[in-house]
Amino acid sequence: MSGRPGTHESTTQSSKKNNYAALYTQLQVLDKNITKLQKNLQVTAEQVPTFHNLETLHSSMFLVTSQMANQKKKD
């Protein structure tokens, strides 16, 4: 240890304060990211019906195109 009494304790306290400050900063970033994720999930949930309709439209177009291609082969 150092020659000055109490130096180790003050260094430990300073280190703890720095660690808590860094942890607090990381928690703020985490909270911000969770809030953003919640908003993104809400938007995605609202868009699901539209995606389903788009999927149905694409499937229908694929089936029609496939039928037309098969009909041309027969002719």
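So, here is what we can say about the structure in this document.

So, how was this worked out
- The residue numbers shown here count from 1 along each chain, following its written sequence.
- In view of the model being predicted, local features appear only for residues whose pLDDT reaches at least 70, and side-chain atom pairs are presented and counted only at 80 or more, with totals across whole chains, interfaces and linings using the full set of residues.
- Heavy atoms from the whole structure form the basis of all side-chain values; hydrogens and water molecules are not counted.
- Helix and strand labels come from DSSP, where a helix needs a run of H or I of at least four residues and a strand needs a run of E of at least two; each type is numbered from the N terminus.
- Only protein chains enter the calculation, and the probe is 1.4 Å; a residue is then buried if its accessible area is under 20% of its type maximum, exposed if over 50%, and partly exposed in between.
- In these tables, accessible area is a Shrake-Rupley quantity obtained with a 1.4 Å probe, and a residue counts as shielded only by the protein chains included in the view.
- Within this analysis, patches are made of residues with over 30% relative accessible area and no salt bridge. Like charges are joined at 9 Å or less; nonpolar side chains (Val, Leu, Ile, Met, Phe, Trp, Tyr) at 5 Å or less.
- Think of a salt bridge as a Lys or Arg side-chain nitrogen and an Asp or Glu carboxyl oxygen that are within 4 Å of each other.

### A look at the overall build of the chain
At step 1: On a plain count of helices and strands, the chain comes out with one helix and zero strands.
At step 2: Within the span of the chain, comprising 75 residues, buried residues form 0% of the whole.
At step 3: Working note: accessible area of the chain is about 7300 Å², and carbon and sulfur atoms make up 60% of it.

### Topic: a nonpolar patch on the surface
At step 1: Together, Tyr-20, Leu-23, Leu-27, Leu-30 and Ile-34 line one region of the surface with nonpolar side chains, adding up to about 500 Å² of accessible area.
At step 2: Relative to the assigned elements, Leu-27 resides in helix α1 (residues 7–74).
At step 3: Assessed through its relative accessible area of 46%, Leu-27 is described here as partly exposed.

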